[in-house]
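# Descriptive structure summary
Here's the letter readout for the chains.
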Amino acid sequence: MDSRSGKFAGDNPFDLAQSWLDEAGKTEPNDPNAMALSTVDKDGLPNVRMVLLKAIEPDAFVFYTNYESAKAGELDSAGKAAFVMHWKSLRRQLRVRGAVERGDAEEADAYFATRSLKSRLGAWASRQSRPLSSRAALMAEVAKVTATKGTNPPRPPFWGGFRIKPLEIEFWADGEFRLHDRFVWRRASFDDSWSITRLNP
């Protein structure tokens, strides 16, 4: 097998992903943790949107959202998802596919407490993905929540984390003349060890 070195070196894909994310944090002008999350609806029609990756755990990638949103419904229904992170400054991509589960409530509480007050109030006020009559109506709801929830609002019961447990992780780096370097880590189940394959560009 073609040996891996430099930016691709390492025996743990989660550690490698974290090192790429850390490096992107030094060069990307905005949101180095932004990822395009792909889901499918009940008819199999794909959906994609940008969300923020908030943690790389020893076995999963974690992000947070409204559990009553369209994306959460699709995640709960399918139990699978994919995402891609593209770091233009590094000319690299990280692609992940796998199973999805809801995150731990205590971890969600801890993360929610670190968000700005306005973001916490906004999480209470927004009925994410559902029709909104006007911007003014949203701001009125924010004002109402601000008056009732105070300066230290708890995490809403309808808001929390999702964990994507990958069966496939691809590390992609730009190469000259579009001869890119790609290494994919695959496993048939979560109990299996990873196989690593170099892919054609």
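The present account deals with the structure reproduced in this document. (Residues numbered from 1 in each chain as written. Predicted model: local features only at pLDDT ≥ 70, side-chain atom pairs only at ≥ 80, totals over all residues. Heavy atoms only, no water.)

Bringing the overall build of the protein chain into the picture now. Along the protein chain, the regular secondary structure elements total 5 helices and 8 strands. Ordered by position from N to C terminus, the α and β elements of the protein chain give α-β-β-β-α-β-β-α-α-α-β-β-β. Over its C-alpha atoms, taken along the principal directions, the protein chain stretches across nearly 60 × 35 × 30 Å. For the protein chain, buried positions account for 39% of its 201 residues. Considering only residue pairs separated by 6 or more positions, the protein chain has 62% of its internal contacts joining residues 24 or more positions apart. Total accessible area on the protein chain stands at roughly 11400 Å², and carbon and sulfur atoms take up 50% of it. Taken together, the 30 basic and 27 acidic charged side chains of the protein chain have centroids lying 6 Å from each other. (Helix = DSSP H or I, 4+ residues; strand = E, 2+ residues; numbered from the N terminus. Buried < 20%, exposed > 50% of the residue type's maximum accessible area, 1.4 Å probe, protein only. Contact = heavy atoms within 4.5 Å. Areas by Shrake-Rupley, 256 points an atom, 1.4 Å probe, with all protein chains shown as cover. Lys, Arg positive; Asp, Glu negative; His and termini not counted. Charge placed at Lys NZ, Arg CZ, Asp CG, Glu CD.)

Here helix α1 (residues 13-25) is 13 residues long and its end C-alpha atoms lie 18 Å apart, about the 18 Å a rise of 1.5 Å per residue gives. The complete set of buried residues in α1 reads Pro-13, Phe-14, Leu-16, Ala-17, Trp-20, Leu-21 and Ala-24. Here the buried residues of α1 occupy an arc of 160° about the axis, which is enough to place them on one side. Buried residues along α1 sit in contact with β2 (46-56), β3 (61-66), β4 (80-87), β5 (92-102), β6 (159-173) and β7 (181-186). The opening residue of α1, the one whose side-chain oxygen lies 2.8 Å from the backbone nitrogen of Phe-14, is Asn-12. (Expected span 1.5 Å × (residues − 1). Arc of directions from axis to C-beta. Polar contact = N/O pair within 3.5 Å; in protein donor to acceptor, adjacent residues only side chain to side chain.)

Here the focus is helix α2 (residues 70-78). When we look at burial in α2, the residues that qualify are Lys-71, Ala-72, Glu-74 and Leu-75. All buried residues of α2 fall inside an arc of 165° around its axis, so they share one side. Packing partners of the buried residues in α2 comprise β1 (34-40), β2, β3, β4, β5 and β6. Directly beyond the C-terminal end of α2, a positive phi value near 70° is found at Gly-79.

Strand residues, when the strand is regular, have side chains that alternate between the two faces of the sheet. Of all 7 residues that make up β1, 5 are buried, and the element is covered over most of its length. A loop of 5 residues connects β1 with β2, the two strands running antiparallel in sequence, and Gly-44 in this loop sits at a positive phi of about 85°. Inspection of the sheet shows β1 paired to β4 by 3 bridges, in the antiparallel sense. Residue Ala-36 lies in a different strand from β4, and its bridge partner there is Val-84. (Pairing = 2+ DSSP bridges.)

On to the nonpolar core. Phe-61, Phe-83, Leu-94 and Phe-171 are the most contacted members of the largest nonpolar core, which has 33 residues in total. Tallying contributions element by element places α1 first for this core, with 6 residues. Counting 12 residues, the second largest nonpolar core, distinct from the first, contains Val-62, Ala-123, Trp-124 and Phe-158. (Core = buried A, V, L, I, M, F, W, Y, C linked by side-chain atoms within 4.5 Å.)

In this fold, Thr-151 is placed in the loop between α5 (135-149) and β6. Residue class for Thr-151 comes out exposed when judged on its relative accessible area of 66%. Through-space distance from the C-alpha of Thr-151 to that of Ser-69 is 25 Å; in sequence the pair is 82 residues apart.

Glancing now at the pairing of β4. Along β4, the buried face is formed by Ala-81, Phe-83, Met-85 and Trp-87; none of Lys-80, Ala-82, Val-84 and His-86, which line the opposite face, is buried. Where β4 meets β5, 8 bridges bridge the pair, whose relative direction is antiparallel. By the bridge assignment for β5, Val-84 is matched with Arg-95. Between β4 and β5, which pair antiparallel and follow one another directly, the connecting turn spans 4 residues, one of which, Arg-91, has a positive phi of 55°.

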